[in-house]
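The primary structure of each chain is shown beneath.
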Amino acid sequence: MHTEQGAAYAGILGIGAYRPARLVPNAEIVEAIDSSDEWIQQRSGIKTRRFADDSETVIAMSVAASRGALEQAGVDPRQVDCVIVATVSHLLQTPSAATAVAHEIGTDQAAAFDISAACAGFCHGIALASDLVRGGSARYVLVIGVERLSDITSTTDRGTAFIFADGAGAAVVGPSTVPAIGPVVWGSDGEKFDLIRTREDWRDVLASEKPVMPHLVMQGNEVFRWASYSMAKVAQQALDRAGVTVDDLDCFVPHQANNRITDAMARAMRLPAHVRIARDIIDAGNTSAASIPLALERMIRDGEAKSGDVALLVAFGAGLSYAAQVVTVP
Ligand SMILES: CC(C)(COP(=O)(O)OP(=O)(O)OC[C@H]1O[C@@H](n2cnc3c(N)ncnc32)[C@H](O)[C@@H]1OP(=O)(O)O)[C@@H](O)C(=O)NCCC(=O)NCCS
């Protein structure tokens, strides 16, 4: 039997983003949840977020973000062997969003599948893509994090209505001559399965007298404590496994869950002052699987991250599930 020979190393070759056109300030959210702009900013950091309109579907946003990533990478869509879409808000049970995206961007029938790892989905996708490239199963892999959380968030739920938002980010992963995606540190804690979840499954919905779209519910306090306490440790393990220290870091790109969680992690890790920290949440909200590529794309665009910089990605969310890795900025 023959085996595939993959690339010595893998790296992120390009990043792309799609942000829905409609900007939604806190003022538009507060009345339905008896809240205030001040409270939301103080508790989460969020000032505005974006909600997709009917034309900005999960697939359309994924395609737009992918085109940007492919362009930056200088990779033709026909060279893409595999498309991975991380999402929890593609509302068709089957087929996957990835097959439509692979077709629309013009791949040559690339392998395509979705993964469900909530806010940790993009970093799971990067880990898979890196191993596919190094294992020889694919040369170029497109990893997309995309959400339309506005579809599955209740506008009257005080614990979530101001947090969740929409958008898409994409990365092209391919061969590299130097190590550019570090070992992943990932895992799950299914004991905390109920902390962030859609409230009911489709059978419960159909059995109810007034069927409504199942929406996200979250025990915010518990999630806050878990993330602030545990994720700095996971981040440190990712640094250790990549053989770098906080002093070697240029950028810290945590999942944009809550600015106070980001602050707690940065403090616990004792990040030096020179490390630039992603704060995309301020005007993008929490876009779950899309948040890390969106935040990284913005740092590159704003000149806060430059090609060759060392960045630490840390993602965590429903499951609970988490994944972290050190990457080189494309
Ligand atoms: C959601 C979150 C901001 C809520 O903040 P909190 O301090 O935990 O809020 P609590 O539920 O303990 O409520 C504290 C007070 O604020 C009030 N409150 C809750 N939601 C509110 C809202 N949307 N607006 C105004 N007041 C609110 C409560 O009534 C309570 O008032 P009281 O002290 O008078 O009883 C916070 O838990 C959080 O950020 N958690 C992490 C969520 C997250 O990042 N999730 C994404 C993971 S992927």
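Residues numbered from 1 in each chain as written. Predicted model: local features only at pLDDT ≥ 70, side-chain atom pairs only at ≥ 80, totals over all residues. Heavy atoms only, no water.

**Topic: the site of the ligand**
- Close to the ligand lie 23 residues; Ser 35, Arg 43, Gly 220, Asn 221 and Asn 258 are nearest.
- In this structure, Gly 220 approaches the ligand through a main-chain N or O atom, which is 2.9 Å from a nitrogen atom.
- Mapped onto the shell around the ligand, the elements with two or more residues apiece are α2 (37-44), α7 (220-242) and β13 (310-317).
- With four residues, the top contributor of residues to the shell around the ligand is α7.
- Each residue belonging to the shell around the ligand can be placed in one class, and the counts come to 12 nonpolar, eight polar and three charged.
- Three or more residues apiece are contributed to the shell around the ligand by two domains, here domain 1 (9-176) and domain 2 (185-328). (Near = heavy atom within 4 Å. Polar contact = N/O pair within 3.5 Å; in protein donor to acceptor, adjacent residues only side chain to side chain. Helix = DSSP H or I, 4+ residues; strand = E, 2+ residues; numbered from the N terminus. Nonpolar A, V, L, I, M, F, W, Y, C, P; charged D, E, K, R; others polar. Domains from an automatic or database assignment.)

**Structural notes on the sheet that holds strand β11 (residues 251-254)**
- If you walk across this open sheet you meet the five strands as β8-β14-β13-β11-β12, and the pairing is mixed. Single-partner strands in this sheet number two, and they are β8 (185-188) and β12 (276-277).
- Across four bridges, the pairing between β11 and β13 is parallel. By the bridge assignment for β13, Cys 251 is matched with Ala 311.
- Sheet strands touched by helix α5 (residues 121-135): β8, β13 and β14 (321-328). Its angle to β14, the strand with the most contacts, is close to 60 degrees. (Pairing = 2+ DSSP bridges. Contact = heavy atoms within 4.5 Å. Axes fitted to C-alpha atoms, helices over the stretch in contact; angles between N-to-C directions.)

**Overview of the domain arrangement of the chain**
- The domain boundaries assigned to the chain delineate domain 1 (9-176) and domain 2 (185-328).
- Here the C-alpha centre of domain 2 lies 14 Å away from the C-alpha centre of domain 1.
- Counting residues at the interface gives 49 residues for domain 1, matched by 42 residues for domain 2.
- Per-residue buried area on domain 1 facing domain 2 is highest for Arg 19, Cys 119 and Cys 123; these three make up 19% of the total on that side.
- The interface formed by domain 1 and domain 2 holds one salt bridge in total.
- Residue Arg 19 is joined to Asp 280 by a salt bridge in which the shortest nitrogen-to-oxygen separation is 3.2 Å. (Buried area = accessible area lost by both parts, 1.4 Å probe. Salt bridge = Lys/Arg side-chain N within 4 Å of Asp/Glu carboxyl O.)

**Concerning the UniProt feature "domain: Beta-ketoacyl-[acyl-carrier-protein] synthase III C-terminal" (unreviewed entry) in the chain**
- With numbering aligned to this structure, UniProt lists the feature "domain: Beta-ketoacyl-[acyl-carrier-protein] synthase III C-terminal" (unreviewed entry) at residues 239-328.
- Across residues 239-328 one finds 33% helix and 24% strand; the C-alpha atoms that close the span lie 13 Å apart. (UniProt positions renumbered as here; feature names shortened; annotations may be inferred.)

**So, helix α8 (residues 259-269)**
- Turning to α8, its buried residues are Asn 259, Ile 261, Thr 262, Ala 264, Met 265, Ala 266 and Met 269.
- Its side-chain oxygen 2.8 Å from the backbone nitrogen of Arg 260, Asn 258 forms the N-cap of α8.
- Phi for Arg 270, located one or two positions after α8, is positive at around 50 degrees. (Buried < 20%, exposed > 50% of the residue type's maximum accessible area, 1.4 Å probe, protein only.)

**Focus on the nonpolar core**
- Counting residues in each nonpolar core, the largest one holds 47 residues, and the members touching the most others are Met 231, Met 269, Leu 312, Val 314 and Phe 316.
- Looking at this core, the elements with two or more residues in it are β10 (216-218), α7, α8, β13 and β14.
- Examining the composition of this core, we find that nine residues originate from one element, α7, more than from any other.
- Each of domain 1 (9-176) and domain 2 (185-328) accounts for three or more of the residues forming this core.
- Discounting residues that sit within four places of it in the chain, Met 231 has contacts with Trp 226, Met 265, Val 314, Phe 316 and Tyr 322.
- In this structure, Ile 12, Ala 129, Val 133 and Leu 296 belong to the second largest nonpolar core, which totals 36 residues. (Core = buried A, V, L, I, M, F, W, Y, C linked by side-chain atoms within 4.5 Å.)

**Observations regarding a nonpolar patch on the surface**
- Together, Leu 91, Trp 202 and Met 213 line one region of the surface with nonpolar side chains, adding up to about 290 Å² of accessible area.
- Along the chain, Trp 202 turns up in helix α6 (residues 202-207). (Patch = residues over 30% accessible without salt bridge, like charges linked within 9 Å, V, L, I, M, F, W, Y side chains within 5 Å. Areas by Shrake-Rupley, 256 points an atom, 1.4 Å probe, with all protein chains shown as cover.)

**Considering the pairing of strand β7 (residues 166-176)**
- Burial analysis of β7 places 10 of its 11 residues in the buried class, which makes it a mostly covered element.
- As judged from the nine bridges shared by strand β1 (residues 9-18) and β7, these two strands associate in the antiparallel manner. By the bridge assignment for β7, Ile 12 is matched with Val 173.
- As paired strands, strand β6 (residues 140-148) and β7 are joined by eight bridges and run antiparallel to one another. Note that in β7 the partner of Ile 144 across the bridge is Ala 170.

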